[in-house]
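The primary structure of each chain is shown beneath.
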Amino acid sequence: RLSAASLVKAEQVCAQGLNKPLQAIRQQLLEAGVVGFDETGLRVEGRLAWLHAASSAALSYYQVHAKRGSEAMEAIGLLPAYRGVAVHDGLSSYFGYEGCPHALCNAHHLRELRFIHEQYGQVWAADLRLCLRLAHRLKQDPSPPLTDALKARIGQWYDQILAAGEAELPADPPPPPGHRGRRKQHPARNLHQRLCRYKTETLRFLHQEPVPFDNNGAERDLRMIKTQQKVSGTFRCFEGAQRFARIRSYLSTARKQGQRVLEVIGSVFTGRPWMPGTELVAE
């Protein structure tokens, strides 16, 4: 019967043998024109930690960190050096990196706009949702052709909807007794202000061909950790979570590039790990 210690040892050997493949994945992500960034919570030693992901159509890279924001992003080191288009959900820490243009996930916007319309009766939210969906449809199937003039008209429509919505916004809720600091805004006003401020980032998909409408690719890459957490629960140690992230980066990238999982795992134990975009090479 295979012991738990043997499995742990195999995991350690596999994770340690992935230095060159993971370096190649990081470098190829830094050179990619568009990369999706996302993060999700997971339990490590019974406490909340974060799995950070950077994804493209052919690459996946994961790293575990105790923090969610800029401290983790600095430690991971991808965003500070990245110069392509960073696609993400609008977490404020991402905008601290001004060396790359940003694009916002419009799948998030569509969900929030639907909620604001249905929950608070904001007509502008329904109109803007229609605007974004139409822009997406035109980008996917440009008939009529998606000319610069048509893109400009969509941008003008976007501005008109938000301008008309300004008068429709509900009043902010009153602060609780004894409250200090910044007053809480109504959710509709928060979304409205974000869409006004980040118009360029919201509509970047319309103006730059490789930029996607949403960040669903990075979100799909994170789904597996939710399954892992439901099945296995917390990681017992931080080192184990890091090994998991290293191995998963390798396997997810291999799958995206049409490799067989058992073969690429076996190549690690023979000392000749599969390299992304190349033939098997010596470690």
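Residue numbers run consecutively from 1 along every chain, following the written order of its sequence. Totals for whole chains, interfaces and linings use all residues, but because this is a predicted model, local features are given only for residues with pLDDT of at least 70 and pairs of side-chain atoms are given and counted only at 80 or more. Each side-chain value is derived from all of the structure's non-hydrogen atoms; neither hydrogens nor water enter the calculation.

**Comments concerning the pattern of salt bridges**
Here, a salt bridge means any Lys or Arg side-chain nitrogen found within 4 Å of an Asp or Glu carboxyl oxygen. Counted by the stated rule, this structure contains seven salt bridges. The salt bridge partner of Arg47 is Glu45, with a shortest N-O separation of 3.2 Å. Relative accessibility thresholds used throughout: buried, under 20% of the residue-type maximum; exposed, over 50%; partly exposed, between the two (1.4 Å probe, protein chains only). Residue classification places Glu45 among the partly exposed positions, given a relative accessible area of 39%. Close ionic contact of Asp159 with Lys199 constitutes a salt bridge, the shortest N to O distance being 2.8 Å. Of this pair, Asp159 sits in helix α7 (residues 148–165) while Lys199 sits in helix α9 (residues 199–202), and the two are 40 residues apart along the sequence. Classification of Lys199 by relative accessible area gives partly exposed; the value is 25%. Runs of H or I in DSSP of at least four residues are treated as helices and runs of E of at least two as strands, each being numbered from the N terminus.

**What about the environment of Lys67?**
Mapping Lys67 onto the fold places it in the loop between β3 (60–65) and α3 (70–76). Assessed through its relative accessible area of 43%, Lys67 is described here as partly exposed. Distance from Lys67 to Val211, taken between C-alpha atoms, is 28 Å for residues 144 residues apart in sequence. Every residue in contact with Lys67, bar those within four places of it in the chain, is listed here: Trp50, His52 and Ala72. Residues count as neighbours in contact if any of their non-hydrogen atoms are within 4.5 Å of one another.

**A few points about the environment of Glu31**
Mapped onto the elements, Glu31 comes out in helix α2 (residues 19–31). Taking C-alpha positions, Glu31 is 7.5 Å from Gly84, a pair spaced 53 residues apart along the chain.

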